[in-house]
Amino acid sequence: MNAPLLEVQQVSRSFGDVRALDGVSLTIAENEFFALLGPSGCGKTTLLRSIAGFEHPDGGAVLLGGSDLLALPPNKRPVNLMFQSYALFPHLSVAANIGYGLKREKLPKAEIAQRVDEVLETVGLTAMAKRRPAQLSGGQRQRVALARAIVKRPRLLLLDEPLSALDRKVRAEMQLELKRLQHEVGITFVVVTHDQEEAMSMADRIAVLAGGRVQQVATPLELYRNPANLFVADFIGTSNLLPGPSAGQHLVVRPEDVRLVAPGAGRLDGTVADTQFQGGTSTVAVDVPGQAKPFLVTEHGATEAVRGTPVGLAWQHEVAVGEGLA
Amino acid sequence: MTSTKQHGGLARPSLGARLRRGVEPAVLLGPGLLFYAALVAAPVLLVTGYMFARRGRFGGVEWELSLDNFSRVTDSVYLEVFRESLGLAFVATLLALLIGYPTAYAIAKLPPRWRTVALVLVVVPFWTNFLIRVYAWIVLLNSQGLLNDLLVGIGVTDDRFTLLYTPGAVVVGLVYSYLPLMILPLYAAIEKVDEDLLEASADLGAGRVRTFLGVQLPLTMPGVVTGSILVFVPSLGNFVVPELLGGGKTVMVGNLIRDQFLKAQDWPFGSVLAMIVVVLLVLLFLGQAWVTRRVEGPARG
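Structural notes, computed from the coordinates. (Residues numbered from 1 in each chain as written. Chains lettered and ligands numbered in written order. Predicted model: local features only at pLDDT ≥ 70, side-chain atom pairs only at ≥ 80, totals over all residues. Heavy atoms only, no water.)

Okay, the overall build of chain B next. When you go through chain B residue by residue, the secondary structure sums to 13 helices and two strands. Seen through its C-alpha atoms, chain B measures out along the principal axes to roughly 80 × 65 × 35 Å. Of all 301 residues assigned to chain B, the portion counted as buried reaches 39%. Within chain B, contacts between residues at least 6 apart in sequence are counted, and of these 65% link residues at least 24 apart. Summing over all exposed atoms, chain B offers an accessible surface of approximately 17,300 Å²; the carbon and sulfur share of this is 69%. (Helix = DSSP H or I, 4+ residues; strand = E, 2+ residues; numbered from the N terminus. Buried < 20%, exposed > 50% of the residue type's maximum accessible area, 1.4 Å probe, protein only. Contact = heavy atoms within 4.5 Å. Areas by Shrake-Rupley, 256 points an atom, 1.4 Å probe, with all protein chains shown as cover.)

In C-alpha cells form, the structure reads like this:
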C-alpha cells in the first residue's frame, strides 16, 4: 500500500437521535480507488460530505496528507466532489462548466483553455464543448461532471453514487471508464455507492459501512472470501448461511464452492427445488430439511440436476462469522 | 401532446375524439380569450385609432386624419415628464430589488412551514385599500408626522425635514406599494435553485460572493427581471402616488395621461402618450422573455 493520503479518525456525526457516523476510522492511501459501500442510511454520504466540507462532524479528525482538513471551508479544500445529481451549472456551456473551478484559481486564460481542452479530450466530449448541460445525454453529463472535478487536479476526488443515474448498459461501460481514468490521471478516488457489484468491480479496497460504523475494510476478494461478520457476508455477494460451530456464529458457504454429489455422500442432503440456466452458469436451489431458505449451488454451464430428485451437497471452503451488527 | 402519440399512431382517431380535441381547447381558453379581447385588445385598438384623430371640442374625437399629436410629444415639457417618470420608476424598481432580494432569499431559506406564513405576510398589505395605504404615508412623512417626531425625539435633528411632497416621497410610496410584486417572483426563482449547484460552486473553489454572482444571481435572473417589470410597469403608469405623496409637484406619465383624458379633454394626445407607455412595456416583456430563454437554455431535443 502507498503512503496514507487521507486519515479519518474517530469521526462522529449525529442528526438528532440518529447517529449517522459513530466513531468511523479509515486510512486511504495515495492513488487508491477506494469505495464506501453500504445500504442507504449507513452514513457513507455523511462521511463523504464531511470530507468535502458540507457536513461538520461532532467529533474526530480528518487529515489530508497529515494536515487538518476540517479547519478549512469547502472552497479551500484540495478535494473535489462529483455530485450524485452532477450539479452542472445549467446556464453555462460544457466548456464553461469545466473551466469554472480553474477560473477560481486565477489561472491565465490560455492555460485554462488548454486544460479544459485536454480534459474534454480525456472524457471524449470535445465535440460537445459549446453545448449546454440540458442538451446532453445522462452519460455525457456524467462525463462533464467528472471532467469538471478532475480538471482541478485535486489530491482526492470524491464521487457520490457516480453511476446511479445511468441506465444499466452505460453504467457497465462507465465502471471501466472510471477505472481507466483513475489510472490515467493518478488521482485518489473515493466512491460512495450502495451497489456492491459496482464497488467490487472498481475499487482496490472497500469499506463496508452499516449503522454509522465501519464493518470491514478490505480488498474485494478478501471481503468476499473472508467476511468479518454476518452483515458483510450477507451484503456482499450471495451466501448460504448455516448455524455455526458455537452460539451466535454462522457458517458462510458461497454457492460456487458447493458441488452436487450423490445423496449421503456430502455434508448435507436435500431435494432439488428449482434450476435456473443463466448462460455461463446455472443456479440450483436445493431444499434442505430444517433450513428456511433453499441452499444455492452454482454450476458451470447447464446443470444436470432435475427438479424433485434428492442430492447431496459437498464443499470445502467455509467461513465462520459472528453477528456483527447488533 | 401529439395526437400520434396518444393514439399510438395506428388507427385514425374516432370522429368523437377528434371533435373533443377541437372543442376542449376552445372551452378551456374561451373565457380568458374573451376577457382579454374585451378588456385589452379592444381598448388598445380604440386608443390606436384615437392617435390619428383630432381632439373633439368637448372630449371624444373627431375622425379626421392628423399626425399633430405625435409631434407634440417631442415638446420638451412632455419629454421632461417622460424622463422624470422613467427615472422615478427606475429608482423605485432598483430599491425594491435591493430590499426584495434579501427578503425573498431569507424566506426561501426558512423551514417550509414558516415559508408559507412569511409569504402570506408579504401579501397581507394587499388586503387593505390602496388609497388608504398611501394616505398612511402622509401621516408618517409630513413635517408633523411620526418619522419627524422620531428623528427629533432621538436627537438626530432639531429642524423638521421636508419629506412629504418630494420625489423621494413618491419613490418611497411606489416601493412600498409594489414591493410584494418584487418579492414573490424572486422567491419563486430563488426557491428553484438547486442547493447542489451552490455547493458545487463552493467545491470548485468559489467563495460566497463569487457563488452569488456566478451561480445564484444568473440562475435567479428570470425572477429578477420579472419582479423588476412587475414593479416598473405600474410605477411608471401610477398617478395616485405622485398626486398624494408628490403633492402635484411631481408629475409622472400616469398623471399626464389621466389629465389629457379627464381635464384637458384631449383624447388623441392622451392616446399617443398611453401608446408610448404600452410600447415601452412590450419592449420590456420581450427583454424578459429573452433573458429567461438565455438562462434556462434551449429546450432539450
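Residues and elements named next belong to chain A. One open sheet accounts for four strands, arranged β2-β1-β4-β5; its pairing is antiparallel. Two strands close off the open sheet at either side, each with one partner strand: β2 (18-29) and β5 (67-68). Sheet topology note: the strand β1 (residues 4-15)/β2 ladder contains eight bridges and is antiparallel. Paired with V11 across the bridge in β2 is V24. On the sheet, helix α1 (residues 44-52) packs against β1 and β2 and is oriented at approximately 60 degrees with respect to β2. (Pairing = 2+ DSSP bridges. Axes fitted to C-alpha atoms, helices over the stretch in contact; angles between N-to-C directions.)

The next thing to look at is unusual backbone geometry. A negative phi angle is the norm for most residues apart from glycine, just as the trans form is the norm for most peptide bonds. Phi is positive for K106(A), close to 55 degrees, though the residue is something other than glycine. Among the secondary structure elements, K106(A) is positioned in the loop between α2 (94-104) and α3 (109-122). Overall, K106(A) belongs to the exposed group, its relative accessible area being 73%. In this structure, Y165(B) is a non-glycine residue whose phi angle is positive, near 60 degrees. Along the chain, Y165(B) turns up in the loop between α7 (146-153) and α8 (167-192). For Y165(B), a relative accessible area of 37% puts it in the partly exposed group.

What follows covers the environment of F35(B). In this structure, F35(B) sits in helix α2 (residues 15-51). Expressed as a C-alpha distance, the spacing of F35(B) and A17(B), which sit 18 residues apart in the sequence, is 28 Å.

Read these as geometric descriptors, not functional statements.
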